[in-house]
Amino acid sequence: MIVAVETRPLTSARIPLFGTLERQPADALLGLIGLCRRDPRPDKIDLGVGVYRNDAGETPVLRAIKDAEHRLADTQATKAYLGAEGDARFVELLAPIVFGAAQAAEPCLTGVQTPGGTGALRLGAELVARGSRQPTVWIGTPTWPNHAPIFREAGLEVRAHPFFDAVTGTVDFSAMVGALEQATAGDVVLLHGCCHNPTGAELTQAQWADLIALLTKRQLTPFIDLAYQGLGRGLDSDAAATRALLAAMPEAIVAYSCDKNFGLYRDRVGALWVKAADGAAIAAVRDNLLVLARSLWSMPPDHGAAAVREILEDAALTGLWKTELEDMRARIAGLRAALAHAEPRLSALGDQGGMFAMLPLTHEAVLELRTDHGIYMADSGRINIAGLRSETVAPFVAAIAPHLQR
Ligand code: LMR
């Protein structure tokens, strides 16, 4: 049946749909990629966006990934749809690496594949927003600049709490705890599982235990961003805080990225796991994750996750990946030690973990280093340590030394 639509004469001028949109600043971190690329100086140093580089300054595809991709090319029989959950076998094989074998089998834990860690964060944020509690999400400062926008775009309120003591280069734990004591029961606390981005500062084991006690007492839910497993202290050590949080808390959310530890950046490979209080709740969580994923991206891109699955299904390829990951980790740790040794005011970098450190530099100094020396770092003074080469450590330290604030 065709329904007749009554057409009314237009009485006023057309109101444009996009007329109220305002111009937005370009993403400063991603903007550095183009800025550095356009700099013709051969001795420029790119310490901007968080991409691992080897000592030749390159980001080659991992050999384990190349082998897996060859296998996929030879054996993949179809590219037909998989569904909103993505590659279930990829999630199943990744879970023990993240949680350990016992916790991965926990019946109240469910996981789905996502487009990178950002997709996992956004899916988790949408799930939190779907619940009836509308909690505030507490985020330590400084943090990855995309964290707050992801939660805000999902309609959640975000509040900042202190995290970093710039003078000591360590976690300002008492300030962090003091702020979280103000949180309301049911609120969500975003935590970096390891390799804090941008500071590299990490909670000690004792501080994690105290934080878990605080979350438990105040009924707060951890939302863990685990984007650098294996690049800090090692695969198991980097997951230790996540595992402890999951073991202790009745509910938890884990956003995971394979972009760095499998070198799959542009292929966007990640996963989201949620732990719920009981079997009925976890079934509803999974239903909601699938409904949300369907409307957000229908299903995640397959290729990168399929390559990870190929690796994790094969002991030899898994061994090769672990060796390559350990090489990356050791190179970053070596650069940290070299920086700490070269300049006493950078000594804290030797105790921190992961790819990033935040240098005590003013914004003016960051811009001056860019203009005068071709040294590219985030406006905040964050450096991607893996952008350094053994031969650029000395000129880098010489260039920044006059600008260091402490
Ligand atoms: C970074 O912090 O540099 C990376 O996580 C890349 C990104 O997406 O911002």
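Residues numbered from 1 in each chain as written. Predicted model: local features only at pLDDT ≥ 70, side-chain atom pairs only at ≥ 80, totals over all residues. Heavy atoms only, no water.

A. Geometry of the domain arrangement of the chain. Taken as a whole, the chain is organised into domain 1 (28-60 + 318-403) and domain 2 (64-315). Inter-centroid distance (C-alpha atoms) of domain 1 to domain 2 is 26 Å. In this complex, domain 1 contributes 26 residues to the contact, which on the side of domain 2 involves 32 residues. For the domain 1 and domain 2 pair, buried surface summed over both sides reaches about 2,200 Å², with 61% attributable to carbon and sulfur atoms. Three residues, Thr318, Trp321 and Arg329, lead the burial of domain 1 against domain 2; their summed loss comes to 27% of the area buried on that side. Where domain 1 meets domain 2, there are zero salt bridges. Viewed at the interface, domain 2 and domain 1 are joined by 14 residue pairs in polar contact (both at pLDDT 80 or more). Looking at the side of domain 1 that touches domain 2, the elements with two or more residues in it are α12 (315-342) and β11 (356-358). Element by element, the count of residues in the side of domain 1 that touches domain 2 is highest for α12, at 11 residues. (Domains from an automatic or database assignment. Contact = heavy atoms within 4.5 Å. Buried area = accessible area lost by both parts, 1.4 Å probe. Salt bridge = Lys/Arg side-chain N within 4 Å of Asp/Glu carboxyl O. Polar contact = N/O pair within 3.5 Å; in protein donor to acceptor, adjacent residues only side chain to side chain. Helix = DSSP H or I, 4+ residues; strand = E, 2+ residues; numbered from the N terminus.)

B. Local environment of helix α7 (residues 173-180). Buried within α7 are the following residues: Phe173, Met176, Ala179 and Leu180. Taken around the axis of α7, the buried residues stretch over an arc of 130°, which confines them to a single face. Structurally, α7 contributes buried residues whose contacts are with β3 (136-141), β4 (157-162), β6 (170-171), β7 (188-192) and α8 (205-218). (Buried < 20%, exposed > 50% of the residue type's maximum accessible area, 1.4 Å probe, protein only. Arc of directions from axis to C-beta.)

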